[in-house]
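Observations on the three-dimensional arrangement
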Amino acid sequence: MPSHVFADPSASQPPERGTVDALISRTRRLRGDVDAVRRDTVLDEDDPHGRWQRALCDLAVHQLDDLGTHLGQLKEGLADPADGSGETGAFGSRGTGSHDGLPDGLHDAFPGGGPADGPAHPGHHPAAMAHPGHPGHPERSAGSAYEDPLAGYEADRAQRTGSLIGRVGSAEWNLLTDEVRWSEELFRILGRSPLSGPMTLDELPSVVFAEDQPLLTALVTGCLVDGRPIDGEFRMVRADGRVHTVHMTGEPVLDSDGSTASMWAVFRDVSELRRSERAVRESRDSLHRRQYAERTERRLAVELQEAVLPFGQGSLPFPDDGSGALDIAAHYFPSGNSALIGGDWYDAFPLPDGGSLLGVGDLTGHGPAATSAMAMLLGAVRGMSLAGVAPGPLLGHLNHLLDTSAQPSLGSVVCCRFDPASRVLSWAQAGHPAPLLFRRGTGRPLTPPEGMLLGAAPGTRYEQAELRLLPGDLLVLHTDALMRTGATVGSGAERLLALAPRFEEARDAQGCLRALVEAFGWENREDDACVLVARVTS
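Residues numbered from 1 in each chain as written. Predicted model: local features only at pLDDT ≥ 70, side-chain atom pairs only at ≥ 80, totals over all residues. Heavy atoms only, no water.

1. Focus: the environment of Ala434
Quick reminder of the rule: Secondary structure elements follow DSSP: runs of H or I no shorter than four residues count as helices, runs of E no shorter than two count as strands, and numbering proceeds from the N terminus. Here, residues are in contact when the closest pair of their heavy atoms is within 4.5 Å.
Mapped onto the fold, Ala434 is located in the loop between β12 (424-430) and β13 (436-439). Measuring from C-alpha to C-alpha, the distance between Ala434 and Val413 comes to 9.7 Å, with 21 residues separating the pair along the chain. Dropping the residues within four chain positions of it, Ala434 is found in contact with Trp427, Leu446 and Pro448.

Okay, here's the thing in structure tokens:
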């Protein structure tokens, strides 16, 4: 029967000892580098991306520990190479047993019959069991447990790394004598007392989860009957009730007649490795869900903002009745972080009595909540302005609206009403930067009337100021984020006032806005901002 397991010992030579030492050194250096990256990774429970990075680092460290374990096993094996004498091992001859090669009582646990007839594969030659570490070596003492040559190494490594990945145990089941041998580490992996003795193959499924028992049965039967290697993972319940994930690999050992004499297997506790992999998956899925939610929120905020703002990045024509109309243009500056869509707004529209309403404002917060509150506030401004409410009383009503809303927030507003017949500007502000007036090549901020932030205190009264404008005067209304561009507020205001000569040269409001955008539009600002310019025509 051809074997899927062993290779002909003459077909390949074991690696040189120096080569394995070099691999171990490289693995240790790489493990140290990855561990340094893991220590430098800031773990923030509110940051899915950070949790995902930390989980990946943990997984990489565990896998490198696992690789170091296997290389250590390879190095231990090189210290005592097989003698290749070709002597038959402890189970090298066919003995008595059931007619199909399965021990008595095994059919109930692993049905399927005995091995097929066929010539022995060269890899199943008894020389394959000549190594002292092989379960079939004659130097092993008979009994319920044998000394695993790697048990001390694995236990020491597991203690040093604090990882369960390094724990490896082995077992052998003699199909001819029903003798079972377990390494000491296997007893520790499965949480079984050595005094209870090792389990037979038909007892092994009793500690495996019911859902995993069919897989174990199929793999063991395929190994005993068809000579296929075992490679599978099972959840096993320890005596203390804890569940561990165990990776099992096994091979049949054939006698000189090509019949299955015994089966040996290696058990590796991979519980911590699987937990690390699960943490990586959960962190990755959490990160993807958060990114999707952020993209959705930003799309909703942008759509709502575009639907609410009165006009695009350009001028708004007002009817010219010959008595001093306004030429108006506005612009929205996005923040450096495109995901932050705030509650900044601007508005300008003609009133029924021939006047004009000008306003800019800002609400706390970002995302759909801020933009929906902005839409509510902007609707209230328009409705009360159309009803003839003056700027001062209008801000008092807005303060009551924000103070009693279901989602309270704070807001700053400057609201202006321009009468084209008298060219009088009536305005009020609520914790907002005062408008800038540019006249004959110079600029200055207007003296603000009293007014605190909207929503800060109920019953607040807002004063109202008046100013007579002249033909050619330019008003600049902006939110405070326009000045927060990495410089101080004072220097930002000075830079804006320094644009007075360029405003004087501009033909219309659109030209003034273009100069302002060229001066402030390229900067990486912390928050979004709005600006509105209004020029009194002659």
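2. A closer look at the pairing of strand β2 (residues 168-174)
Spelled out, the test is: Exposure is judged per residue with a 1.4 Å probe applied to protein chains only, and the accessible area is read against the type maximum: over 50% gives exposed, under 20% gives buried, and values in between give partly exposed. The pairing criterion for strands is at least two bridges between them, as found by DSSP.
The element β2 is extensively covered by neighbouring structure, given that seven of its seven residues are classed as buried. Alternating residues of β2 divide into Val168, Ser170, Glu172 and Asn174 and Gly169, Ala171 and Trp173, and every residue in both groups is buried. Taken together, the three bridges between β2 and strand β3 (residues 180-183) define a ladder with antiparallel strand orientation. Bridge pairing in β3 places Ala171 opposite Trp182. Here β2 folds back onto β3, and the loop between the two strands holds five residues, one of which, Asp178, carries a positive phi near 60°.

3. Some thoughts on the pattern of salt bridges
Convention followed: Take a side-chain nitrogen of Lys or Arg and a carboxyl oxygen of Asp or Glu: if they are within 4 Å of each other, that pair is a salt bridge.
The final tally for this structure, using the stated rule, is 15 salt bridges. When the shortest N-O distance is used, the salt bridge between Glu233 and Arg274 registers 2.2 Å. A residue pair is termed long-range when its members are at least 10 positions apart, and Glu233 in strand β4 (residues 230-237) and Arg274 in helix α6 (residues 271-308) qualify at 41 residues. Assessed through its relative accessible area of 27%, Glu233 is described here as partly exposed. For Asp285, the salt bridge identified is with Arg284, shortest N-O distance 3.6 Å.

4. Describing the sheet that holds strand β9 (residues 345-350)
Spelled out, the test is: Lines fitted to C-alpha atoms define the axes here, with helix axes fitted over just the stretch in contact, and angles between the N-to-C directions of these axes take values from 0 to 180 degrees.
Spatially, the five strands line up as an open sheet ordered β9-β10-β11-β12-β15, and their pairing is antiparallel. Strand pairing shows two members of the sheet lacking a second neighbour, β9 and β15 (465-468), which therefore form its edges. Pairwise comparison of adjacent strand axes, ignoring direction, gives a mean angle of 15° for this sheet. In the sheet, β9 pairs with strand β10 (residues 356-363) via six bridges, with the strands oriented antiparallel. Each residue of the ladder has a partner; that of Trp345, found in β10, is Gly361. Seen against the sheet, helix α7 (residues 368-386) touches β9, β10 and β11 (411-419) and runs at an angle of roughly 25° to β9.

5. Quick notes on the packing of aromatic side chains
Worth spelling out the cut-off: Pairing of aromatic rings covers Phe, Tyr and Trp, the last counted by its six-membered ring, and requires centre-to-centre distances within 6.5 Å; plane angles under 30 degrees mean stacked, over 60 mean edge-to-face, and any other angle means tilted.
A full pass over the atoms with the stated rule returns three aromatic pairs. Geometrically, the ring pair formed by Trp173 and Phe267 is edge-to-face, given 6.5 Å between the ring centres and 65° between the ring planes. With Trp173 in strand β2 and Phe267 in strand β6 (residues 260-269), this residue pair connects regions lying 94 residues apart in the sequence. Here Trp173 falls in the buried class, since its relative accessible area comes to 3%. Judged by its relative accessible area of 1%, Phe267 falls in the buried class.

So far we have only geometry, and geometry alone does not tell us how the molecule works.
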